[in-house]
Amino acid sequence: MTIVNDTTVNTLRFLSAEAVQAANSGHPGLPLGAAPMATALWGGVMKHNPKNPKWPNRDRFVLSAGHGSSLLYSLLHVFGYKVSLDDLKQFRQMDSKTPGHPEFGHTDGIEITTGPLGQGIANAVGFAWAESHLAAKFNKPDAKLVDHFTYALCGDGCLQEGVAAEAVSLAGTLALGKLILLYDSNDITIEGSTEISFTENVGKRFEAYGWDVQKVTDGNDLGAITSALEKAKSVKDKPSLIEIKTIIGYGAPKQGTHSVHGSPLGADGIAGTKANLKWPHTEAFTVPAEVKDAQGEWLKTAQSWEDDWNKTAATYKSAHPEAWKEWEVWQNPKLPVDLDNWDEYWQYEGNIATRASSEVVLNKLSKVVPNLFGGSADLAPSTLTIMKDRKSYSKDTPCGSNLHFGIREHAMTAIANAFAAYGGLRPYVAGFFVFSDYMKPAMRLSALMNLPVIYIMTHDSIGVGEDGPTHQPVEQLASLRSIPGFTVFRPCDTKETAAAWSYALNKTDGPTALVLTRQNLPLLPETPGNYPKSCAYNGAYILKDDKNPATGHPDILLMASGSEVELIYNAAPILKEAGIYARVISVPSMCVFEAQSDAYKEAILPKSVRARLAVEAASTFGWHKYTGLDGDVIGIDTFGASAPAPSLFKSFGFTVEAVVERAKKLV
């Protein structure tokens, strides 16, 4: 008894359309058209086990066209995952397992959050890339721990997004042979026919990218789809695209039009579709007995796939005990080293840019954290993010862990999200801070999914210098700080940079950005050494504290992050000579500081001291909650200019003299 048949296809179609109808919201068009390819994949080709959705060697599936989520939830129900008919009936409702777009960590069987078109394709590239690397690292001739495929389903809309082009170009270069993309080619987008905006030959484009390309002309032909999938699996040296011609909203009275893309069919539309497809079940949310029986048989096969892998793992553990121990280290989210108590980690000297500080720290970490996996968008010589004791990944050296993404910031970030969701890797990516604008959509999803991606963002201010305002970030700090669950560090020296790396690697429930300078900064004696918690885990702390003998407290609070900490540090003794006593506060992470107790915040920023000055070479937005009505901020609320960095800092008021003058006015 096979589950791959027309009855299963129509079951999926009507569960999906009826979920949308019950919600009076959603997208029935894709599920009605793509149900056959989904059935052929999930029931005939893809290896997965609903009884253990996290089985390590499962095939991965990404619904890049995430608006078709009702199809994915229907697949999860029909194939035995923990998604019930009641869950389908609660589609798009508060606190349900079936939200409007698939959400990672929310519903069993969802590999990654999708919805913003195109990013799912990049996620699938990331999954396939991770598989390739871990296979190269761990597989043995007698036992393959990592040996699976990644499948993605996309539509015309996904392929119009630039992030998809970035990702598929890179996948072809890397020859990711276990990546298979199913293209639901129905020639319709929200505004109508793709003839108005998308007339390219997609197959030729993918061939130019280095992909194997097939075309199935009838999207309802289960046999042809299955044959194409099996052929794609046999292509080992390049990723595969299968273009499957479908009719959007197949069977519905308005099939083939944009009307069925993003609106419920309506009661009459559902009835008409059932009549057109000769579906005999008038009751909504019906799963025929033959589908339930086929599910039971299929589940036995699914369990056998995992059972076979468990036997392989047992053989591996016995024959290769040291490699198995390393496998367990890679799979453990806890670091294999206690950085807080590793004295060598906290020993630094010299005045260097914090991007160089990060390079020093990274290369200490690469020796003790074996599954660091990352790189830059063609900027490694500037971001200083190469692990010097590691090889570079390529199609010929898949064991390499220095990654070269090319000039593809958006795809790089979406791929890194997949690395983190895949498991076993500790991903980092790097770029110039101003280009976080290209990365922002995927950075937001890092936070939404609580994925521990580490972002190394260098050239953090007008300190970029002669490259001018196009390359000088101003508003980016405020932008990243505003993302819920996204931690931002802007360290002032090498020790704070080490603390930021420690925080990022120990954080397992969200992303962290390290925002770093191009210009050299002094190593301050007061920044924490082998006791990093005052900096890394509290977000803000007191560097120096001069108290007025008459009052017992400081006259003014000076606060800054990054390169501007040096300015307030050097301004304090000058102010003291003038009879003004200043507390110098380093604020490497507003995000972390906000999470501290009210008592700690009061200890750092006592309400009794109303004279406050913040200094940061970025937008002033966000600082006023700390400076208050009586305080002030030295920042940049315009764009920069092209000139040497020292000239720029002086011109924009980032000097010790300017800090002293402003502080005197406040007191």
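Residues numbered from 1 in each chain as written. Predicted model: local features only at pLDDT ≥ 70, side-chain atom pairs only at ≥ 80, totals over all residues. Heavy atoms only, no water.

1. What to know about the overall build of the protein chain
Summing up its helical and strand segments, the protein chain has 25 helices and 20 strands in all. In terms of C-alpha radius of gyration, the protein chain reaches 28 Å, essentially the compact-globule figure of 26 Å for 667 residues. Each principal axis of the C-alpha atoms in the protein chain carries an extent, and together these give about 90 × 60 × 45 Å. By the burial criterion, 61% of the 667 residues in the protein chain qualify as buried. Relative to all contacts within the protein chain whose residues are 6 or more apart in sequence, the contacts with residues 24 or more apart total 77%. (Helix = DSSP H or I, 4+ residues; strand = E, 2+ residues; numbered from the N terminus. Rg over C-alpha atoms; globule rule 2.2 N^0.38 Å. Buried < 20%, exposed > 50% of the residue type's maximum accessible area, 1.4 Å probe, protein only. Contact = heavy atoms within 4.5 Å.)

2. Considerations on the packing of helix 1 (residues 6-23) against helix 2 (residues 29-45)
Contact geometry for helix 1 and helix 2: axes closest at 9 Å, N-to-C directions at 140°. Relative to helix 2, the element helix 1 lies oblique. Crossing angle aside, the handedness with which helix 1 passes helix 2 is right-handed. For the pair helix 1 and helix 2, contact is made by T8, V9, L12, R13 and S16 and by P31, L32, A35, P36 and T39, respectively. (Axes fitted to C-alpha atoms, helices over the stretch in contact; angles between N-to-C directions. Parallel < 35°, antiparallel > 145°, perpendicular 65-115°, else oblique. Left-handed = near helix turned anticlockwise from the far one by under 90°.)

3. Some words on the side chain of T458
Inspection of the secondary structure puts T458 in strand 12 (residues 454-458). When its relative accessible area of 0% is taken as the criterion, T458 is described as buried. A distance of 2.8 Å separates a polar atom in the side chain of T458 from a polar atom in the side chain of H459. Discounting chain neighbours no more than four positions away, the residues touching T458 are R355, S382, T383, G431, F432, F433 and L516. (Polar contact = N/O pair within 3.5 Å; in protein donor to acceptor, adjacent residues only side chain to side chain.)

4. Overview of the sheet that holds strand 3 (residues 179-185)
Pairing within the open sheet is parallel, and its five strands lie in the order 1-2-3-7-6. Across the chains shown, the open sheet's two edge strands, defined by having one partner strand only, are strand 1 (60-63) and strand 6 (212-216). On average, each strand axis in the sheet is inclined to that of its neighbour by 15°, with strand direction left out of account. Sheet topology places strand 1 next to strand 2 (residues 150-155); four bridges connect them, and they run parallel. What sits directly across from V62, in strand 2, is A152. Of the strands in this sheet, strand 1, strand 2 and strand 3 are in contact with helix 5 (residues 119-138), which crosses strand 2 at around 170°. (Pairing = 2+ DSSP bridges.)

5. Topic: the packing of helix 7 (residues 162-174) against helix 8 (residues 202-209)
Relative orientation of the contacting elements helix 7 and helix 8 amounts to 45°, with a least axis distance of 8 Å. Comparing their axes, helix 8 and helix 7 come out oblique. Residue-level inspection shows A165, V168, S169, G172 and T173 of helix 7 in contact with helix 8, the latter providing R205, F206 and Y209. Tallied by class, the residues present in the contact of helix 7 with helix 8 amount to four nonpolar, three polar and one charged. (Nonpolar A, V, L, I, M, F, W, Y, C, P; charged D, E, K, R; others polar.)

6. Considering the pairing of strand 9 (residues 372-376)
Of all the five residues making up strand 9, five are buried; the element is thus mostly covered by neighbouring parts of the structure. Burial along strand 9 is two-sided: L372, G374 and S376 and F373 and G375, pointing in opposite directions, are all buried. The pairing of strand 9 with strand 11 (residues 426-432) spans five bridges and is parallel. Among the inter-strand pairings, G374 is bridged to a residue of strand 11, identified as Y428.

7. Considerations on the pattern of salt bridges
Under the definition given, this model contains 25 salt bridges. We note a salt bridge from R205 to E200, for which the minimum N-O separation is 2.5 Å. Accessibility expressed as a relative area gives 38% for E200, which makes it partly exposed. The closest approach of N and O atoms between K625 and E594, which form a salt bridge, is 4.0 Å. With a gap of 31 residues between them, K625 in helix 23 (residues 624-627) and E594 in helix 21 (residues 590-594) connect regions that are remote in the sequence. (Salt bridge = Lys/Arg side-chain N within 4 Å of Asp/Glu carboxyl O.)

8. Brief notes about the nonpolar core
The nonpolar side chains of soluble globular proteins are, as a tendency, buried together. In terms of nonpolar packing, the biggest core is built from 135 residues, with W42, W129, Y151 and L229 touching the most fellow members. Of all the elements, helix 5 adds the most residues to this core, at 11 residues. Among the nonpolar cores identified, the runner-up in size contains 64 residues, and V474, L543, I634 and V659 belong to it. (Core = buried A, V, L, I, M, F, W, Y, C linked by side-chain atoms within 4.5 Å.)

9. Focus: helix 16 (residues 436-448)
The terminal C-alpha atoms of helix 16, which comprises 13 residues, lie 17 Å apart, in line with the 18 Å expected from a rise of 1.5 Å per residue. At A442, helix 16 shows its maximal kink, close to 35°. Looking at the packing, one finds that the buried side of helix 16 touches helix 5, helix 15 (409-422), strand 11, strand 12 and helix 17 (476-481). Looking one or two places after helix 16, you find N450, whose phi comes out positive at around 60°. (Expected span 1.5 Å × (residues − 1). Bend = angle between axes of the 7 residues up to and from the residue.)

10. Here's the deal with the environment of G266
Take G266: it is sitting in helix 10 (residues 266-276). Measuring from C-alpha to C-alpha, the distance between G266 and A17 comes to 9.5 Å, with 249 residues separating the pair along the chain.

11. Topic: helix 9 (residues 222-234)
Compared with the 18 Å implied by 1.5 Å per residue over 13 residues, the 19 Å span of helix 9 between its first and last C-alpha is a close match. Within helix 9 the residues assigned to the buried category are L222, I225, A228, L229, A232 and K233. Buried positions in helix 9, seen along its axis, are confined to an arc of 140° and lie on one side of it. On its buried face, helix 9 is in contact with helix 1, helix 2, strand 2, strand 3, strand 6 and strand 7 (240-245). Regarding helix 9, its N-cap is D221, as a side-chain oxygen of that residue lies 3.2 Å from the backbone nitrogen of G223 further along. (Arc of directions from axis to C-beta.)

12. Section: the sheet that holds strand 17 (residues 556-560)
Sheet strands associate in pairs through backbone hydrogen bonding, adopting either a parallel or an antiparallel arrangement. Read across the sheet, five strands follow the order 16-18-17-19-20 without closing on themselves; strand pairing throughout is mixed. Both edges of this open sheet fall to strand 16 (541-545) and strand 20 (632-634), since each of them pairs with a single strand only. Going across the sheet, the axis of each strand differs from the next one's by a mean of 25°, ignoring polarity. Inspection of the sheet shows strand 17 paired to strand 19 (residues 612-615) by four bridges, in the parallel sense. Counted as the bridge partner of L557 is R612 from strand 19.

13. Here's the deal with the packing of aromatic side chains
Under the counting rule described, the total for this entry stands at 30 aromatic pairs. Between W129 and F419 the ring centres are 5.5 Å apart and the planes differ by 80°, which places this aromatic pair in the edge-to-face class. Here W129, found in helix 5, pairs with F419, found in helix 15; they are 290 residues apart in sequence, far enough to count as distant. One exposure class covers both W129 and F419, and it is buried. By the ring-pair criterion, three or more aromatic residues cluster together here, those being W42, F61, F79, Y81, W298 and W305. Cation over ring: K274 sits above F14, and NZ or CZ is 5.9 Å from the ring centre. When the ring centre of Y569 is taken as reference, the NZ or CZ atom of K544 above it lies at 4.4 Å. (Phe/Tyr/Trp six-rings, centres within 6.5 Å; stacked < 30°, edge-to-face > 60°. Lys NZ or Arg CZ within 6 Å of the ring centre and 35° of its normal.)

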